[in-house]
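# Understanding the architecture of this molecule
Chain by chain, the residues run as shown.
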Amino acid sequence: MLFRGPDESEEDAGFWSELPDGKPAVEVEADGRQVRVRLGTPVGRLSTLARLQLVCTAAHLGPARTSGVRESVRVTVRGSDGSMEPSVCPL
């Protein structure tokens, strides 16, 4: 859903996506406070905001729900061109 971009009501509310359009293959694995995302698209050229959108979405869907602290969830994103450094969501 994230790669489809915002729907009309989300756009009207000022939301947008920095991610490329389309439906790439996506695999997600979660283990404790670690989430690994594999995409069938390159990640090396993604903007900083696009990377944050991926990391924060994965972190908020991850398994660590104790005390509502999402910052401690480490997210690794691997694309068809390599991996991003493990990251945490700053939000």
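All residue numbers refer to positions counted from 1 along the written sequence of the respective chain. The predicted origin of the model limits local features to residues at a pLDDT of at least 70 and limits the giving and counting of side-chain atom pairs to 80 or more, whereas totals for whole chains, interfaces and linings rest on all residues. Note: side-chain values were computed over all heavy atoms of the structure, leaving out hydrogens and water.

Turning next to helix α2 (residues 48–61). Three- or four-residue spacings in an α-helix give side chains the same orientation, since the helix completes a turn every 3.6 residues. In a regular helix each residue adds 1.5 Å, so 14 residues correspond to 20 Å; α2 covers 20 Å between its end C-alpha atoms and thus fits that length. Considered for burial, the residues of α2 that qualify are A50, Q53, L54, V55, C56, A58 and A59. Contacts are residue-level and defined by heavy atoms, with any inter-residue pair within 4.5 Å sufficient. Helix and strand definitions here come from DSSP, where helices need a minimum of 4 consecutive H or I residues and strands a minimum of 2 consecutive E residues; each element is numbered from the N-terminal end. Against β2 (34–39) and β3 (74–79) lie the buried residues of α2. For a helix, the expected span equals 1.5 Å multiplied by the number of residues minus one. Exposure classes here rest on a 1.4 Å probe applied to the protein chains alone. A residue is buried below 20% of its type maximum, exposed above 50%, and partly exposed in between.

Moving on, we get to the pattern of salt bridges. Any carboxyl oxygen of Asp or Glu that lies within 4 Å of a side-chain nitrogen of Lys or Arg is treated as forming a salt bridge with it. For the coordinates displayed, the defined rule picks out two salt bridges. With a closest N to O distance of 3.4 Å, E29 and R36 form a salt bridge. A relative accessible area of 33% places E29 in the partly exposed class. R36 sits in the partly exposed class, given a relative accessible area of 31%. Across the salt bridge formed by E29 and R38, the nearest N and O atoms sit 3.0 Å from each other. Its relative accessible area of 43% is what places R38 among the partly exposed residues. One network of salt bridges, with partners in common, ties together E29, R36 and R38.

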